[in-house]
Amino acid sequence: MKVKELDKKIQRILPKVQKPARYAGGEYNAVYKDLDKVEIRAIFALPDTYEVGMSHLGSRILYGLYNSLDYVWCERAFAPWIDMEAEMRANDIPLYGIESGDSIAEFDILAFTLQYELSYTNILNMLNLGGVPLLASERDTLKHMVVVGGPTAYNPEPITDFVDVVMLGEGEEMSVEFLELYRVAKRENWTKDAFLREVCKIGGMYVPKFYTPVYNEDGTLKEMLHEDFAPATIQKRIVQDLDTMYFPDKLIVPSTDIVFDRAMVEVFRGCTRGCRFCQAGHTYRPVREKSPETLLKQAKALIESSGYEEISLSSLSTSDYRHLEALCDDMLDYCTPKNVSLALPSLRADNFSVDLMEKVQKVRKSGLTFAPEAGSQRLRDVINKNIFEDDLLSACDIAFRGGWNNIKLYFMMGLPTETNEDLDGIADLAKKVVWTWRNSGANRQRGVRVTVSTSCFVPKPGTPFQWDKQATREELVEKQNHMKEVMRIKNVNYNWHDAQTSFMEGVFARGDRKLNAVIAKAYEKGCTFDGWDICFKLDKWMESFEECGVDPNFYVARDFGLDEVFPWDHLLTGTKKSHLLKERERSRQAITTPECSKQCANCGSSELILEGHCHV
Amino acid sequence: MYKARMLFKKEGRAKYISHLDNMQAIQRSIARAGLPIWHTEGFNPHAYISIGLPLSTGFSSEYELLDFNFLTEIVPENAVADMNAALPSGLEVVDIYMAERKAKEMKFSQYQITYDFDNGKDSDFVKKVTDLFNQDEVVVVKRTKRSEKEVNIKEFIAKLEFCDIDENTAKATVITCAGDPNLSPEYITKAIEKYLPEIKFDGAYYHRTCVFDKDLVIFR
C-alpha cells in the first residue's frame, strides 16, 4: 500500500518543529489500508508525546489487533508537543491520524489509553485540536465515539463527561466484540443511545452516562444509581489463555528515538506479590503466564520483523517467572549470534542470581535497578514489599562482583505510617550499598555510582491503601528537605520527584464526577501536559478548583471512612474490597502477607479464571 | 571485511527523520533485510555504518550515500530488493556496490530548491534573484557550531540558476560546497530574504539531487 504524502500545510510546518519525525508517520510496519475497503476508521490516541506513547506495549498490541480485522483501519494520534500545537493552531491544521494525515474528526472511534491521571487535559486538547466536541453529550451520533481503557480506567469518574465508553480490563477480546457491534450499528444506522445500550451488554464495558451518583452532605458518595438495562456492577475482563491470545508478530519500528525503543514480549500478566501500594499488582490479577515456547516463538518473530537490537521480557516482576532460566537460555541461543541483547526489567532483589546476571549482560551491559520502595524493614512490612536488607545487599554484591558499577534504587516517600526514621533508612541502605561495592567491586578504579530516586506515594483506587490520607504537599516538601540533608553521601546521587504533580495525581486517582468541571476549567485556562514539570501550572489548577467550588483536599488530605462508598466501587477488578480492607488492617500491624504462589490470600480474583483457581 | 556503499533516496515521510535517527533506522533495516554487514566489536557491538554528508532534517534527497562493510567480497544477490522490503516509507535504495572512492572526496552537493508563493509571485522574481547573485558579494550571517560570522556565500557556490515553474512556483538549482567547508542551500533563501525583503516565500523545499568531487564529477 503506497503511503500518501502529507498535506502541504503539514509539510510546511514540520521543518520548524522539534523532532518532526514524531508527526510524519511512515514508520516500518505502520499499517496503511485502502479506505474503500474498510467500514470503521479508528484512532488509537495516546494523550502524551509520541516518544512516551509509542513505548507502551499495550497500545502496540491493540493497534495490531484492530488492524488484524479487515473491516477496521486503526491509525495513531499523539499529543503534539507545545511547539507543534502552536504551529497547528496558527496554520489551521487539525490533529490528524499519522497514517493517513486525515483529521481525527473523520474517524468513527477515538480510543484513548489512560496510562496516567495527569494526561486527562491532553485528551481534551486532542479532541479540541481535531474539532471534536469535548462533551460526550454534544457528540450525538455514532461518529467520534470516545472509548477509553487502561490502568486509570479503574476509576474513570473524573472524566466521565468527556468519554462515551470505558473498557475495564484486558482489551484483546472485548475490543473485537465492541468493534463488531459498532460495525452492525453503523451499517444499520443506529442512534448513539441505542448503540450504547447494547454496549452495556458486553462484559467489561462501562457506559458512564447510564449511571448517576448521589452524594451525601459531606460530599462522599451515597450511592451510584443506574438505568435498569445497565448492570449495577461491571466486572473487568481478562483473557483466560495467554498462549492462544492475540499477539502481534510485527511491531511498528519508530523512525525516531522513543523512551523504550526495543522489542517486547509479555511474559505474564498479574503479579503474585501483593505490594500494598501497587495498583497494577491488585488490578491485573490473577496471574497468567505465557509458556516459554510461545514466548520464544513470539520473540523470534518480533526480532526478525523489527530489526531491533534489544528485546525485553516484560511483566510486573519478571524474575518471578517460573521458567525464566530456561527461557533466557533459549532466548540467548537465538539472540547472541545476532548481537541482540536481552533486557530484564522489573527484577527483584530477592531472586537475582549470578546465573541471571550473566544472562542479562551477555551482549550489552546496561544499568541495574532495584526497588526496595521503603528504607526500613518495618515500613517494607507495612507495604508488604517482602524484601530484606540482606536480599538487596547480596543482589548488589553479585552485581558488583560481576563488574557492574552503576546501581539504581527506587523508593517512595509519604507512605502510610512513615516517619523520618524510615527516610533515614533510605540513606543507610544507600551507604551499605556503597560499602558493599568497596568490599566486592570487581573494578575499583572505575568507581561506583549509586542513584537513589524517590517518588511521592499516591494512594490508588483498588489497593489496600485506597483509604489512606496522602501526605500533603507541605509534608512532602518537609520530607524532601530532610532527604536532601541525609542523602549527602559520597558516590550517591539523589533524585526526587516533584510533590506538586503527585498531589494532582492523587486528586484524580481517587476523584469523583465533580472533577469533570475542574478538568474542563483548567483546560480552558491552558493546562496541558500536566505530567511534565515544565508545563504543569499548579496555580491554574488551584484557580479552577476554586472557581468550580471543589476542594482538592477532599480527595487527598483525609482518611477515607472504612465503610465509605467509593466512586469506583461499582467497577470490579476481581480483587474484593473486603480483601483490600483486610490487607489494610494487616499493614497497620506491619504483618506481611505471603506471595500468592506460596499461600492463597483469597483476594477473590481466582473467580475470574474459568476453573475457579489460579495457575501459580 | 569489504568496503561497500549504498545509494538511497530519502523522500516523502522520511524527510523528517533526523540524521542520527536515520542511521538507526537504516541499521535496523539492514538487520531486517539480513545483509551480511560487519559489526563493531567490543563492549557494545553494532552494525557499522557511516554517512559522509548528513542531510538536514526536512530536506529530501535522491542521492544519499552510506558507507558500511560487507563480510562478503561481493554484493549479495537481491541486496537492493531485500533492503527495499525492509525500509520505512520514503527511504529507497537505488544501488549497493563495493566502494572504490573515499567518502572524503565528496566536495559539492547539488540541490533543487522549490519556492511556493501562494498568492502568485513577482513577475520579476527570476531576474531579481539572478541579479542579486550576479553581484560579487552576497553577505549573510553564517552559523557554525562555534560561532556566527558574516561570510560572502558566493565563495561557496559553484553554480546557481533560477527558473519559473508556474505562477505560484519557482525553482533554483544550486551546487554548493559540501563537507568542509559546507554551505547549506538554506543560505540562498536567507540571502534573498535579506537583500530582497519584498519577496515573501510561503514555502521553501530543499532536495538534494547529486554529489560531486572537487572537479564537479559525479561522485559514486
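Just so you know, these numbers come straight off a predicted model, no measurement behind them. Position labels on residues start from 1 in each chain and follow its written sequence. Chains carry letters from A onward and ligands carry numbers from 1 onward, assigned in written order. Whole-chain, interface and lining totals are the exception, using all residues; otherwise, since this is a predicted model, local features are given only for residues with pLDDT of at least 70 and side-chain atom pairs are given and counted only at 80 or more. Water and hydrogen atoms were dropped before computing side-chain values, which therefore reflect all heavy atoms in the structure.

**Considerations on the overall build of chain B**
Of regular secondary structure, chain B possesses four helices and ten strands. Each helix corresponds to a stretch of at least 4 residues labelled H or I by DSSP, and each strand to a stretch of at least 2 residues labelled E; elements are numbered beginning at the N terminus. Overall, chain B shows an N-to-C arrangement of helices and strands of β-α-β-β-α-β-β-α-β-β-β-β-α-β. Viewed in the frame of its principal axes, chain B has a C-alpha envelope of about 55 × 35 × 30 Å. Expressed as a percentage of its 220 residues, the buried residues of chain B come to 50%. Residues are treated as being in contact if the distance between any of their heavy atoms lies within 4.5 Å. Contacts in chain B between residues at least 24 apart in sequence constitute 74% of all its contacts with a sequence separation of at least 6. Every accessible area reported is derived by Shrake-Rupley at a probe size of 1.4 Å, with residue values counting cover from the shown protein chains alone. Carbon and sulfur atoms make up 48% of the accessible area of chain B, which totals about 10,900 Å². Separation between the mean location of the 29 positive side-chain charges and that of the 34 negative ones in chain B comes to 5 Å. Buried residues are those whose accessible area, probed at 1.4 Å on protein chains only, stays under 20% of the maximum for their type, while exposed residues exceed 50% and partly exposed ones sit between those limits. None of His or the chain ends enter the tally, which takes Lys and Arg as positive and Asp and Glu as negative. A charge is said to be at NZ when it belongs to Lys, at CZ for Arg, at CG for Asp and at CD for Glu.

**Section: the nonpolar core**
Residue and element names in this part refer to chain A. Ranked by size, the top nonpolar core spans 111 residues in total, and within it Leu 14, Tyr 66, Ile 109, Phe 178, Phe 195 and Trp 541 carry the most contacts. Sort the elements by how many residues they give to this core and helix α6 (residues 171-187) lands first, with seven residues. Sequence-distant contacts of Phe 195, that is, excluding residues within four places in its chain, are made with Leu 142, Met 145, Phe 178, Leu 181, Tyr 182, Ala 185 and Trp 190. The nonpolar core is taken to be a set of buried Ala, Val, Leu, Ile, Met, Phe, Trp, Tyr and Cys residues, with the residues joined through side-chain atoms within 4.5 Å. Listed in part, the 72 residues of the second largest apolar core include Leu 296, Met 357, Ile 398 and Leu 409.

**Side note on the sheet that holds strand β2 (residues 72-78) of chain A**
Residue and element names in this part refer to chain A. The six strands lie next to each other as β2-β1-β3-β4-β5-β6, forming an open sheet whose pairing is mixed. Looking at which strands have only one partner, the edges of the open sheet turn out to be β2 and β6 (205-206). Where strand β4 (residues 145-149) and strand β5 (residues 165-167) come together, three bridges link them in parallel fashion. For Gly 149, the partnering residue across the bridge sits in β5 and is Met 167. For helices, the fitted axis covers only the stretch in contact; all axes are lines through C-alpha atoms, and the angles between them, taken along N-to-C directions, range from 0 to 180 degrees. Sitting on the sheet, helix α3 (residues 57-68) touches β1 (40-46), β2, β3 (109-113) and β5, and the angle it makes with β2 is about 150°. Here helix α7 (residues 192-199) sits on the sheet and contacts β4, β5 and β6; the angle it forms with β4, its principal contact strand, is near 25°. Strand pairing requires that DSSP identify at least two bridges connecting the strands.

**Some remarks on the packing of helix α9 (residues 292-306) of chain A against helix α10 (residues 324-335) of chain A**
All names here are of chain A. The interhelical angle for the contact between α9 and α10, taken along N-to-C directions, is 25°, at an axis separation of 10 Å. Judged by the angle between their axes, α9 and α10 are roughly parallel. In terms of crossing hand, the pair formed by α9 and α10 is right-handed. Contact residues: Pro 292, Leu 295, Leu 296, Ala 299, Lys 300, Ile 303 and Glu 304 in α9; Leu 327, Asp 330, Met 331, Tyr 334 and Cys 335 in α10. In terms of residue class, the contact of α9 with α10 is made up of nine nonpolar, no polar and three charged. Any angle from 65 to 115 degrees is called roughly perpendicular, while one under 35 is roughly parallel, one over 145 is roughly antiparallel, and all others are oblique. Handedness of a crossing follows from how the near helix is turned relative to the far one, being left-handed for an anticlockwise turn of less than a right angle and right-handed for a clockwise one. Polar here means any residue other than Ala, Val, Leu, Ile, Met, Phe, Trp, Tyr, Cys and Pro, which are nonpolar, and Asp, Glu, Lys and Arg, which are charged; Gly is therefore polar.

**Overview of the environment of Leu 415 of chain A**
All names here are of chain A. Residue placement: Leu 415 occurs in the loop between β16 (406-413) and α14 (420-440). The class for Leu 415 is buried, based on a relative accessible area of 3%. Sequence spacing of Leu 415 and Gly 425 is ten residues, and the spatial spacing of their C-alpha atoms is 14 Å.

**Thoughts on a positive patch on the surface**
Residue and element names in this part refer to chain B. On the surface, a cluster of positive charge is made up of Lys 3, Lys 102, Lys 104 and Lys 107. Here Lys 3 lies in strand β1 (residues 2-10). Looking at Lys 3, the relative accessible area reads 60%, which means it is exposed. For patch detection, residues must exceed 30% relative accessible area and be free of salt bridges, and they are connected within 9 Å for like charges or within 5 Å for nonpolar side chains (Val, Leu, Ile, Met, Phe, Trp, Tyr). A pairing counts as a salt bridge when a side-chain nitrogen of Lys or Arg comes within 4 Å of a carboxyl oxygen of Asp or Glu.

**Structural notes on helix α17 (residues 515-524) of chain A**
All names here are of chain A. Along α17, the residues classified as buried are Leu 515, Asn 516, Val 518, Ile 519, Ala 522 and Tyr 523. Angular distribution of buried residues about the axis of α17 spans 165°; they occupy a single face of the element. If you follow the buried residues of α17, they end up packed against α4 (82-90), α5 (120-129), α16 (499-509), α18 (538-548) and α19 (553-556). Just beyond α17, the residue with positive phi is Gly 526, at close to 100°. In this description, one arc is meant: the one made by directions from the helix axis to the C-beta atoms.

**Points about the interface of chain A and chain B**
Contacts between chain A and chain B engage 36 residues on the former and 25 residues on the latter. Buried area: the sum, over both parts, of the accessible surface (1.4 Å probe) that disappears when the two are put together. When the two sides are added together, the surface that chain A and chain B hide from each other amounts to roughly 2,400 Å², 47% of it contributed by carbon and sulfur. Looking only at chain A, the three residues that lose the most surface to chain B are Arg 12, Tyr 28 and Ser 255 of chain A, adding up to 25% of its buried area. Summed over the shared surface of chain A and chain B, the number is five salt bridges. Contacts described as polar in this section are N or O atom pairs within 3.5 Å, which, within protein, must combine one atom able to donate a hydrogen with one able to accept it, while residues neighboring in sequence count only if both atoms come from side chains. Scanning the region where chain A abuts chain B turns up 18 residue pairs in polar contact (both at pLDDT 80 or more).

**Considerations on the confidence of the model for chain B**
Averaged over every residue, the pLDDT of chain B is 95; the share at 70 or more is 100%. Note on the complex model: pTM 0.94, ipTM 0.92. The pLDDT score gives, residue by residue, the confidence of the prediction method on a 0 to 100 scale.

**A closer look at unusual backbone geometry**
Cis geometry is found at the peptide bond from Arg 285 of chain A to Pro 286 of chain A, where omega equals -10°. The topology assignment puts Pro 286 of chain A in the loop between α8 (279-283) and β12 (288-289). Geometrically, the link from Asp 180 of chain B to Pro 181 of chain B is a cis peptide bond, its omega value of 0° lying close to zero. One non-glycine residue, Thr 417 of chain A, lies in positive phi territory at about 70°. If you trace the backbone, Thr 417 of chain A turns up in the loop between β16 and α14. Judged by its relative accessible area of 35%, Thr 417 of chain A is partly exposed. Of note in the backbone geometry, Asn 491 of chain A takes a positive phi value of approximately 70° without being a glycine. Structurally, the position occupied by Asn 491 of chain A is in the loop between α15 (473-486) and β18 (492-496).

**Some words on the packing of α6 of chain A against α7 of chain A**
Geometry of a packed helix pair, given as the angle between the helix axes and the separation of the axes. All names here are of chain A. Contact geometry for α6 and α7: axes closest at 11 Å, N-to-C directions at 150°. Compared by their axis directions, α6 and α7 come out roughly antiparallel. When the axes of α6 and α7 are compared, the crossing they make is right-handed. Of the residues in α7, those in contact with Phe 178, Leu 181, Tyr 182 and Ala 185 of α6 are Phe 195, Glu 198 and Val 199.

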